[in-house]
Amino acid sequence: PAGRQRAERRCLMTYYGLDWLAMSLSFLAVWLIGGKHRHGFIVFATANLTWLVVGVMADSTGILVGNLGFLLMNLRNFWKWSHPAKPVQSPAAMAT
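What comes next concerns the included structure. (Residues numbered from 1 in each chain as written. Predicted model: local features only at pLDDT ≥ 70, side-chain atom pairs only at ≥ 80, totals over all residues. Heavy atoms only, no water.)

### Let's talk about the overall build of the protein chain
Within the protein chain, the regular secondary structure consists of five helices and zero strands. Sorting the 96 residues of the protein chain into buried and exposed places 22% on the buried side. In the protein chain, the proportion of contacts linking residues at least 24 apart, taken out of those at least 6 apart, comes to 52%. Accessible area for the protein chain stands at about 7300 Å²; split by element, carbon and sulfur atoms hold 69% of it. (Helix = DSSP H or I, 4+ residues; strand = E, 2+ residues; numbered from the N terminus. Buried < 20%, exposed > 50% of the residue type's maximum accessible area, 1.4 Å probe, protein only. Contact = heavy atoms within 4.5 Å. Areas by Shrake-Rupley, 256 points an atom, 1.4 Å probe, with all protein chains shown as cover.)

In structure tokens form, the structure reads like this:
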């Protein structure tokens, strides 16, 4: 039992808790974005960076590629929310 408990603790902390931090940040980010808070994308980008560290530690190409893509999308979406598109005027409206 004592050895088993140590093994379970070791399993939970294999990546020094960074995987737990990244997961928590991801959930928080989804909550913030769902509430239309733009800074949720920054929290998500922070989670993605944390997942990238875990991916390197785990030697997981899937985690690395996936979270690099998510990171780029989150930065893009933060930019788009910061700089909303201007409405396009129809040619008829511009003639008046």
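### Things to note about helix α3 (residues 40-58)
Between the first and last C-alpha of α3 there are 26 Å, a value that for 19 residues agrees with the 27 Å anticipated at 1.5 Å per step. Buried residues of α3: G40, F41, V43, F44, A45, A47, N48, T50, L52, V54 and G55, and no others. Tucked into the core, α3 has its buried residues touching α2 (18-34) and α4 (61-82). Downstream of α3 by a residue or two, D59 has a phi angle that is positive, lying close to 55°. (Expected span 1.5 Å × (residues − 1).)

### Things to note about a nonpolar patch on the surface
Taken together, L12, M13, W20, M23 and F27 make up a surface patch of nonpolar side chains, about 520 Å² in accessible area. Ranked by residues supplied to the nonpolar patch, first place goes to α2 with three residues. Looking at the element boundaries, L12 is found in helix α1 (residues 2-12). (Patch = residues over 30% accessible without salt bridge, like charges linked within 9 Å, V, L, I, M, F, W, Y side chains within 5 Å. Salt bridge = Lys/Arg side-chain N within 4 Å of Asp/Glu carboxyl O.)

### Section: unusual backbone geometry
Trans peptide bonds make up the majority, and among non-glycine residues the majority have a negative phi. A positive phi angle, close to 60°, is found at Y16, a residue other than glycine. Secondary-structure assignment places Y16 in the loop between α1 and α2. At D59, a position not held by glycine, the phi torsion is positive, near 55°. You can see D59 is positioned in the loop between α3 and α4.

### Quick look at the packing of aromatic side chains
Enumeration over the complete set of coordinates arrives at one aromatic pair. Judged by centre distance (5.1 Å) and plane angle (90°), the ring pair of F41 and W81 falls under edge-to-face. Of this pair, F41 sits in helix α3 while W81 sits in helix α4, and the two are 40 residues apart along the sequence. (Phe/Tyr/Trp six-rings, centres within 6.5 Å; stacked < 30°, edge-to-face > 60°.)

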